[in-house]
Amino acid sequence: MNRLAGEPSAYLRQHAHNPVNWQPFDDAAFADAVARDVPIFLSVGYAACHWCHVMAGESFEDPAIGAYLNQHFVSIKVDREERPDVDDAYMAATQALSGQGGWPMSVFLTPAGKAFYAGTYFAPEPRSGQPSFRQVLAAVQEAWTERRDLVEETASDLAASLSQPLWQVRATVMSPAVDLGTEHESGRGASPGSEWAAAAELAVSAMAQAEDTVHGGFGQAPKFPPTPALEFLMRHAASASSSAHLAYGMAGRSLGAMVRSAVFDRLGGGFARYSVSADWSDPHYEKMLYDNAGLLQALVHWIRLTGSGAPDAGRDAGQVEGSVPPNVPPDVPSSVAPLGVAEAQDAVRATVSWLMEEMRLPGGAFASSLDADTVIAGLHHEGASYRWTRAELDTAAATAALDSELAAEVAAMLGVAPVGSHPLHAGRALTDAEQAAFDHLKPALLAARAGRVMPARDDKVVASWNAMLMAALAEAAMVLEEPAWLRAAVDLGEYLAQVHWDGQLSRVSHDGHARGIKGLLEDYAACANGYLTLYAATGDTRWFDFAGELVGAAERDFIADGVVLNRAESGGPRAEESEAGESAGGVPASGGSVAGLQGSRFADPFDNATAAGVALLAQAFTSWAAYTGSAHHRELAESMVAGVPELARRAPRSAGGLLSVVEALAAGPVELAVVGPAGTDRAALVRTAWESAVPGMVIAVWDGGGEAPVPLLLGRGGAHTPLAFVCRNFSCALPVSTPGELLALLT
């Protein structure tokens, strides 16, 4: 047993009994490397990672490899979900050294933490011209002992290069607020607002060129959910831009392709991480909380965008009539039908049900992931819990006393061939008759699956991912009128506030106890956005006030000299240091100040599976300014999106987060105050507000008595009849009292 045995991380504990003398990423590990004067082997992965399991079984459980690593290296294991700052820094080094990245990530470092050789998965024997892991270890050890000066030089040069990122996002209030709708008074040309609008249209055009119109989504295999880009496309579709119809079509087709594919678990709910194939038929089976939080919110926003009264896109594949909002012209030809409203609602309900039943933890927080692999008799089988043979379908039908022809029909429609095991993949919208047949067999399939071994769950609670889900649950509750979901969002908000906050935010908790590093930019920003959404849905000013604390802390800790940072300058361990000088949280007592981490200091404006932390912070500043009238925070947000035109030109599909903020700024964002006594009239106004797809709108609801709880509500109390005030930049239209009048102001 090694030093990982006492770690709370499920991923680290998976390696506690390896013959490798693994150590966590802490001061003691680096001190050991210095004392022994040996290089560090850094292995980074996460609990649900299939190829991490493969390399562990092939190499890290091999006694001979363990002995070699123990003799010649200090071996460090990192859970990338606990330490994304470590992952980011060394992923940049890996990509620079090898031209590729992924997990497991395998990096060789000097004792000072500088990378000099890196790769991802190494097989136990040479394959396709690539060396085996044993050969890599021998070559690195030989270089360290025979060509030490060259190794040190390479490491120092790379560290120096990575310490100066290509992008630095600035957040300043040195210039006047930007007018998003007019030209500069000086007449010196187009305003930044018009440049951003042009950038948004350019991004939509570029995405249209990259769209896979045969299978949906963007690019080719492997195919990942384009979650931040979907949010941008839907916000753009709600605008008056001439490219709104393009954005609408791409969002609808992407969602339709995913929901109808094997990536979406049509039995149990929830989305897998990605598809190995371009047609979404071959999932990489881990289910991640961040994917499902983002896609849940995207589905809810799609329902809003299409309109609750819009016709369903239908179960029949092909051209969809009537499902496009008014004034949206026909779209580009495609064999993928946009997602229908009923389909989206079903997917939302299935995903929330899965989250509540399989991912919710005691106390109200949610676990990080379900593993890609199912462990059966000690062996890892990727996706085994979700795959079906034709015989298994027949047996499930027979057990439930259903006709064998029903099993044959479902097998045909969902791609379960007579030979082999397969995920359930339609690849198209089902007809009403086909859907009825599947619904008839579904209880029998669920009963059969209940008897299977299911993947392991990583019970780690990550602040940012839970905050994203909190917002998604609150919005879903309001749009689909599900009070139980709102109660779940409130319980989650209580957990994060009580467990993760003590004047600063912890990134991770285990078993109801915060542990590890201080939250990163994405944690603070996602939590600020989540609590503002929770306030909008509940009207409870506790959440508004807490969001304000987080906004203030984020500005104080993550902006230095006008530059946005990924990790706070004062970051580091949350736990007190032990007698040995290392933190009880298992992180360097220095806050991770080894040389290799310098590359993770500055915030990256590009999205990954979730929107960039920069984008989340800009959205939080935008919403806070809308609620409070803070010109200061409005200017910060505007300065942070100043680089959007260049970002959109270089990598539009990776700039969806900041492009979404631009759409909110261009729309106002709308500030909506609904004031008056509770009852059916006020509820109707609130319902109309939540059905609106206006980008970035903030909502405040108040009974009008006493002191106004938030600045947006100042001067609006005392009404005996519920009124809605629609404002932009605290300049308001005349109040209205009916849903129809409100809808007219919002469209």
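Look up a bit, the structure's there.
Residues numbered from 1 in each chain as written. Predicted model: local features only at pLDDT ≥ 70, side-chain atom pairs only at ≥ 80, totals over all residues. Heavy atoms only, no water.

So, the side chain of glutamate 211
Now for step 1: Tracing the sequence through the fold places glutamate 211 in the loop between helix H8 (192–210) and helix H9 (227–237).
Now for step 2: Its relative accessible area of 9% is what places glutamate 211 among the buried residues.
Now for step 3: Polar contacts involving the side chain of glutamate 211 include one to the side chain of arginine 253, which spans 2.7 Å. (Helix = DSSP H or I, 4+ residues; strand = E, 2+ residues; numbered from the N terminus. Buried < 20%, exposed > 50% of the residue type's maximum accessible area, 1.4 Å probe, protein only. Polar contact = N/O pair within 3.5 Å; in protein donor to acceptor, adjacent residues only side chain to side chain.)

Brief notes about the pattern of salt bridges
Now for step 1: In the structure shown here, the tally under the stated rule is 37 salt bridges.
Now for step 2: Among the salt bridges present, the one from aspartate 62 reaches arginine 134, with a minimum N-O distance of 2.7 Å. Taken as a pair, aspartate 62 in the loop between helix H3 (50–60) and helix H4 (63–72) and arginine 134 in helix H6 (residues 133–146) lie far apart in primary sequence, 72 residues in all.
Now for step 3: Residue arginine 134 is classed as partly exposed on the basis of its relative accessible area of 41%.
Now for step 4: Taking the shortest distance from any N to any O, the salt bridge between glutamate 434 and arginine 428 comes out at 2.7 Å.
Now for step 5: Linked by salt bridges that have partners in common, Asp79, Glu81, Asp458 and Lys460 make up one network. (Salt bridge = Lys/Arg side-chain N within 4 Å of Asp/Glu carboxyl O.)

Re the packing of aromatic side chains
Now for step 1: Under the definition given, this model contains 28 aromatic pairs.
Now for step 2: For the pair tryptophan 501 and phenylalanine 546, a centre-to-centre distance of 5.4 Å together with 70 degrees between the ring planes defines the contact as edge-to-face. One end of the pair, tryptophan 501, is in the loop between helix H17 (483–499) and strand S14 (506–510); the other, phenylalanine 546, is in helix H19 (residues 541–558), and 45 residues separate them in sequence. For the pair formed by tryptophan 501 and phenylalanine 546, the shared burial category is buried.
Now for step 3: What links up through ring pairs into an aromatic cluster is the set Trp22, Phe41, Phe60, Phe73, Phe108, Tyr117, Phe122 and Phe133.
Now for step 4: The ring centre of tryptophan 22 lies 5.0 Å from the NZ or CZ of lysine 77, which sits over that ring.
Now for step 5: The side chain of arginine 452 reaches across the aromatic face of tryptophan 388, ending 3.9 Å from its centre. (Phe/Tyr/Trp six-rings, centres within 6.5 Å; stacked < 30°, edge-to-face > 60°. Lys NZ or Arg CZ within 6 Å of the ring centre and 35° of its normal.)

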